[in-house]
Amino acid sequence: MAEYKRPTTEAAFKQNFKQKKPLMNDTEAYYEASRCLFCYDAPCIQACPTHIDIPLFIKQIHTDNVTGASKTIFDSNWLGNACGVVCPTDVLCEGACVYNHQDVPPIQIGRLQNFATNKTIDAEKDIFKVGNSNGKRIAVIGSGPAGIACACEARTLGYEVDIFEAKELPSGLNVHGVAPYKITNEEALKEIDYLQKQLGFTIKYNSAITSKEQIQKLENDYDAIFLGVGLGKTATLNLEGEDKKGVIGAVEFIEELRMKHHQLKVPKRVVVIGGGNTAMDAASESARMGARKTVLAYRNSKDNMGAYGFEYDLAISAGVDSLFNVTPIAIVGNGTVEGVKFAKTEMVEGTLKTNMNNVFIVRCDLVIKATGQAKQGSLYDLIDNLDAGTNAILNVNAETFQTSNPQYFAGGDAINGGSEVVNAAYDGKMAAQGIHQWLTK
Amino acid sequence: MIDLSINFGGIKSPNPFWLASAPPTNSGYQVMKAFEAGWGGAVWKTLGVPVVNVSSRYGAVNYRNTRMMGFNNIELITDRPLADNLREIEEVKKYFPDHAIIASLMVESRAEWEQIIKDVENAGADGIELNFGCPHGMCERGMGSAVGQEPEVLKTIVEWVKEAANIPVITKLSPNISHITDPGLAAVQGGTDSISLINTIKSIVGIDLDSYAPYPIVDGKGSNGGYCGPAVKPIAMHMLKDLAQHPEISKVPISGIGGIETWRDVVEFILLGATSVQVCTAVMHYGFGIVREMEAGLRQFMEEKNYNTIYDFAGKALPNVTEWKHLNLKHKVVAEINPDKCIGCELCYISCDDGAHQAIALSDDITNRIPSIIEENCVGCNLCSLVCPVEDCITMVQKDDGTEHITWNERTLNDDIPTTFDDDRAGGKGHFVPKPTDALKS
């Protein structure tokens, strides 16, 4: 059932991808802020991975000290603006709000956070101080949330920071990977620009690190190196027919969508394989791009999906259909995708079993694989003594974020295998402090 | 059968809801509209000497999401020609003969008082209210609160007015005075038929942080205004109580004014002895329509309590408002938290720990956010139950069996005045006080 018409203009695209958390106006923010109880030892602070002093910034919004509110936010989280809209607040701060226990809607913390920082960014308020130069240099690989957070924190500590970015734009998944109804490109880039103007780190674009020579140069030129490289392309499923035209990874699909908007053509019938949040995003996006039928296919039961319930609900509300307990066994078609052959699965004594006697084909024109991303293993191979475990997830010290090679620190998806922007923002900040601790020892 | 009509010191009105003398009673148009909406009476915006007004006249105190919980103004008495006002009073009376129109008056000399009384009587006013309260502008010219603050002068003017008037006289008092009973008694001694109070309180509602001027700002400067609205109700009720408990003053009826907005406010004022109420700020905020809520609520209250007229319960709270020395020192209440209702905000804990008596503890288990009461330290102050955002989650439970009764007054009479700190509920005796350095541990 298609809820959305194919967007053919940027305006139509914006309509289909209306922001889930639109910017509050002054009155809305004032009234919403007035509801905050200013809890003692507030559960929202504990639930925030970056431990923003939420009751304080809400009080500051309410007392018309929006700049102060922004300072409170950025003080804990360098991506405070983006996190206000991209964070899964339902399961973090807002999920912890005590109002939930009273069947009263929780405070809209994310939107308030975004409101304050947005105002401060638009007013170009100078609120950060670069630390006195200590003559030391840090290289950051990747300008995603982890890298940006590390760069910002390092600048306040007096380091020179150069960020090496493989792509043309900064901010990683905020621009390339988050669903467009959560944040716009303009908003994501605006925050980076604001931070960069005040803190003065440099970003070298189109500068992928791919060779041993580059690594050696970085190691010679910089006192410490931060790996904020995230994850790689969508992992292969090793399915028969996976190389057919019309099979795409979710990450690649979303990136193309974020760059091309209404100019991306999504065909009539789409199958999305996977049960995580990225699968929900891809399915929802496909439906919003006007696909007549989008089917979400997951190998286990609904209860076992990795996705948050609200993300699933959002996909369903966009008109997505779902199939549970089905596993793809082949992509069918003649050069181009014509469908996915599934087999039913069932849980037998705690193990998921595929029933090859119960096989069927779902016809489609596009298959989106949202079944996990490959790790940046080839980069890690270039670095000596880097412990990337068996699954290419970097092992770091939990407090300093230092890797097994002392010159390297890491954070974000590279160390957690794929999590939220807010986790990456926290890691980057803490890693900069870890670097500082190590270099001043 | 509920009958809301009143006879207030000779002024009859279909109900006790009157508009106070203020901007809502500035014209016949407004008063007619109010009577249509259900108001029983209106005290016309003060008539008197010619004035000029300034532009920018009102300021407000907003609290959290509540606008205008306090309100002030620097507007003067009517600036419309006396003849226009008199003609309109006459016209309104024609349409609403059974409603009460009271002319608020403020002039200076005896001759002026005599003349203006004649004028409003000829226009058909049902009564006169003497404005001895206005705390801005007019007082600088020796009128308004300048009179209300000088009981002797007040008494003299009441005498002049009573001598000249054929209709009932209400004396409106200023709260800008140490003892409200002083002008109250002077008014009664001067022969007033009734009293109304409070007029507005001298105030500064806020300072603009760019121009450093008080609100409302008139070309970069401001002046003290008259404060009113919900915020002043507690002050008004206290003054009402002082008059209503006074043996001489209470012989005349009292019209209650000050922050009245809802039926509950109305009932509270009546319970403290008022037999008419006057409203201004609530109408300036919401319009005349709010009287619907007041009347419906008052009727509902009277129905549930089986009262036929407001006189059945007027002053019923007065015997319970006493001096501190007559309170039972043996009465003991202790807070109780209902864990099923608690939402874990821990405001009770922090308010008690930082702001009161360190009688609430947090659980050692950090996943359990339901605090507990340390009964030996709870003095029954109520603070936790006041800050708790959940209705009926924290209740104050009586712990004494009600058989013992001793008051400070009784102890004094028995010569049982403590010479040492012997209160069981005080710090160090039946009550644990943390060491100063314990504050540094967390």
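Model, not experiment: these values are computed from the prediction. (Residues numbered from 1 in each chain as written. Chains lettered and ligands numbered in written order. Predicted model: local features only at pLDDT ≥ 70, side-chain atom pairs only at ≥ 80, totals over all residues.)

Peer 1: I tried to follow the domain arrangement of chain A on my own but got confused; where do I start?
Peer 2: By a frequent convention, interface size equals the accessible area lost on bringing the separate parts together. Once the domains are mapped, chain A shows domain 1 (21-122), domain 2 (137-232 + 375-439) and domain 3 (247-369). Its C-alpha centre places domain 1 of chain A at a distance of 34 Å from the equivalent point of domain 3 of chain A. (Domains from an automatic or database assignment.)

Peer 1: How should I be thinking about helix α2 (residues 82-95) of chain B in this particular structure?
Peer 2: Each α-helix winds once per 3.6 residues, and so residues spaced three or four apart point in a common direction. Residue and element names in this part refer to chain B. Taking 1.5 Å of rise per residue, the 14 residues of α2 would be expected to cover 20 Å, and the 20 Å separating its terminal C-alpha atoms lies within 8% of that figure. Looking at α2, one finds that the buried residues are Asn85, Leu86, Glu88, Ile89 and Val92. The buried residues of α2 occupy an angular sector of 165 degrees when the element is viewed end-on, so they sit on one face. For α2, the exposed residues lying more than 90 degrees away from the buried face are Ala83, Asp84 and Lys94. Residues of α2 that are buried make contact with α1 (28-37), β4 (41-48), β7 (100-106) and α3 (110-123). (Helix = DSSP H or I, 4+ residues; strand = E, 2+ residues; numbered from the N terminus. Expected span 1.5 Å × (residues − 1). Buried ≥ 20, exposed ≤ 12 C-beta atoms within 10 Å, placed from the backbone. Arc of directions from axis to C-beta. Contact = placed C-beta atoms within 7 Å.)

Peer 1: Would you take a moment to explain the nonpolar core for this structure?
Peer 2: Core analysis: the largest hydrophobic core is formed by 112 residues, its most contacted members being A:Ile61, A:Phe226, A:Ala410 and A:Val421. Sorting elements by how many residues they give to this core places helix α18 (residues 421-439) of chain A first, with 9 residues. The contacts of A:Phe226, once residues within four sequence positions are left out, are A:Ile138, A:Val140, A:Ile141, A:Gly147, A:Cys150, A:Phe409, A:Ala410 and A:Ala431. In terms of nonpolar packing, the next biggest core, distinct from the first, is built from 95 residues, B:Phe17, B:Ala22, B:Val267 and B:Phe269 among them. (Core = buried A, V, L, I, M, F, W, Y, C linked by C-beta atoms within 7 Å.)

Peer 1: Hey, could you run me through the confidence of the model for chain B in this one?
Peer 2: Atom-level detail of predicted coordinates should not be read off regions where pLDDT is low. Scored by pLDDT, chain B has a mean of 95; 99% of the residues are at 70 or more. Across the whole predicted complex the pTM is 0.92, and at the interface the ipTM reaches 0.89. (pLDDT = per-residue confidence, 0-100.)

Peer 1: How do you make sense of the interface of chain A and chain B when you look at a structure like this?
Peer 2: Residue-level contacts link 10 residues of chain A with 11 residues of chain B. Taken together, the residues that form the side of chain A that touches chain B break down as 6 nonpolar, 3 polar and 1 charged. (Nonpolar A, V, L, I, M, F, W, Y, C, P; charged D, E, K, R; others polar.)

Peer 1: Even after reading the chapter, I still don't get the packing of α3(B) against helix α5 (residues 151-164) of chain B, so can you show me in this structure?
Peer 2: Residues and elements named next belong to chain B. Close contact between α3 and α5 brings their axes to 9 Å; oriented N to C, the two are set at 40 degrees. By the angle between their axes, α3 is oblique relative to α5. Judged by the twist between their axes, the crossing of α3 over α5 is right-handed. Two secondary-structure elements touch here, α3 through Arg110, Trp113, Glu114 and Ile117 and α5 through Ile157, Trp160, Val161 and Ala164. Its residues assigned to classes, the contact of α3 with α5 comprises 6 nonpolar, no polar and 2 charged. (Axes fitted to C-alpha atoms, helices over the stretch in contact; angles between N-to-C directions. Parallel < 35°, antiparallel > 145°, perpendicular 65-115°, else oblique. Left-handed = near helix turned anticlockwise from the far one by under 90°.)

Peer 1: Looking at this structure, I do not really get the pairing of strand β9 (residues 169-172) of chain B. What am I missing?
Peer 2: The two faces of the sheet receive side chains in turn, since in a regular strand these alternate between them. All names here are of chain B. The alternating pattern of β9 places Val169 and Thr171 on one face and Ile170 and Lys172 on the opposite face, and all of these are buried. Pairing analysis gives 4 bridges linking strand β8 (residues 127-131) to β9, with the strands arranged parallel. Residue pairing in the sheet places Leu130 in a bridge with Thr171 of β9. Across 3 bridges, the pairing between β9 and strand β10 (residues 194-197) is parallel. The partner of Lys172 across the bridge, within β10, is Ser196. Viewed along the sheet, the connection from β9 through helix α6 (residues 181-189) into β10 turns out right-handed. (Pairing = 2+ DSSP bridges. Right-handed = clockwise from strand over helix to strand, strands pointing away.)

Peer 1: Got a minute to help me understand the sheet that holds strand β11 (residues 351-363) of chain A in this structure?
Peer 2: Sheets are built from strands paired through backbone hydrogen bonds, the pairs being either parallel or antiparallel. All names here are of chain A. An order of β9-β10-β11 is seen for the 3 strands of this open sheet, with the pairing classed as antiparallel. Each of the sheet's edge strands pairs with one partner strand only, and the pair in question is β9 (326-332) and β11. For this sheet, the mean angle separating the axes of adjacent strands, direction not counted, is 25 degrees.

Peer 1: Can you help me understand the domain arrangement of chain B in this one?
Peer 2: With domains assigned, chain B is organised as domain 1 (6-320) and domain 2 (324-440). Taken over C-alpha atoms, the centre of domain 1 of chain B sits 41 Å from the centre of domain 2 of chain B.

Peer 1: Which parts of the structure should I look at to understand the packing of α2(B) against α3(B)?
Peer 2: Any two packed helices are characterised by how steeply their axes cross, that is the angle between the axes, and by the distance between the axes. All names here are of chain B. Put simply, α2 and α3 touch, their axes get as near as 8 Å, and they point 35 degrees apart. Residues Leu82, Leu86, Ile89 and Glu90 of α2 pack against Asp119, Val120 and Ala123 of α3. Here the contact of α2 with α3 is built from residues that sort into 5 nonpolar, no polar and 2 charged.

Peer 1: Is there a simple way to think about the environment of A:Gly377 in this case?
Peer 2: All names here are of chain A. Mapped onto the fold, Gly377 is located in helix α16 (residues 377-381). Along the chain, Gly377 and Asn391 lie 14 residues apart, while their C-alpha atoms are 8.5 Å from each other. Ignoring anything within four residues of it in the chain, the contact list for Gly377 reads Ala388 and Ala392.

Peer 1: Quick question: what am I supposed to make of the sheet that holds β8(B) here?
Peer 2: Residues and elements named next belong to chain B. With parallel pairing, the 8 strands of this closed barrel are ordered in space as β3-β4-β7-β8-β9-β10-β13-β14. Looking at each pair of strands side by side, their axes are set apart by 25 degrees on average, direction ignored. Relative to β8, β7 runs parallel, the two being bridged by 4 bridges. Following the sheet pairing, Ser104 is matched in β8 by Glu129.

Peer 1: When you look at unusual backbone geometry in this model, what are you seeing that I'm missing?
Peer 2: What is expected of a backbone is that most residues other than glycine have negative phi and most peptide bonds are trans. Residue B:Leu197 is joined to B:Ile198 through a cis peptide bond whose omega torsion reads 10 degrees. Inspection of the secondary structure assignment puts B:Ile198 in the loop between β10 and β11 (201-203). The omega torsion of the bond from B:Tyr215 to B:Pro216 falls at -10 degrees, within 30 degrees of zero and hence cis. Note on placement: B:Pro216 falls in the loop between β11 and β12 (225-228). Its identity as a non-glycine residue notwithstanding, A:Asp41 has a phi of 50 degrees, on the positive side. By secondary structure assignment, the location of A:Asp41 is in the loop between α2 (26-34) and α3 (43-47). Phi is positive for A:Asp103, close to 55 degrees, though the residue is something other than glycine.

Peer 1: For this particular structure, what's the right way to read the pairing of β7(B)?
Peer 2: All names here are of chain B. Counted residue by residue, β7 has 7 buried out of 7 residues, so it is predominantly covered. Across the two faces of β7 the burial is the same, with Ala100, Ile102, Ser104 and Met106 and Ile101, Ala103 and Leu105 all buried. When β4 meets β7, the two strands line up parallel, connected through 6 bridges. What sits directly across from Ala42, in β7, is Ile101. Between the parallel pair β7 and β8, the chain is carried across by α3, and the sense of this crossover is right-handed.

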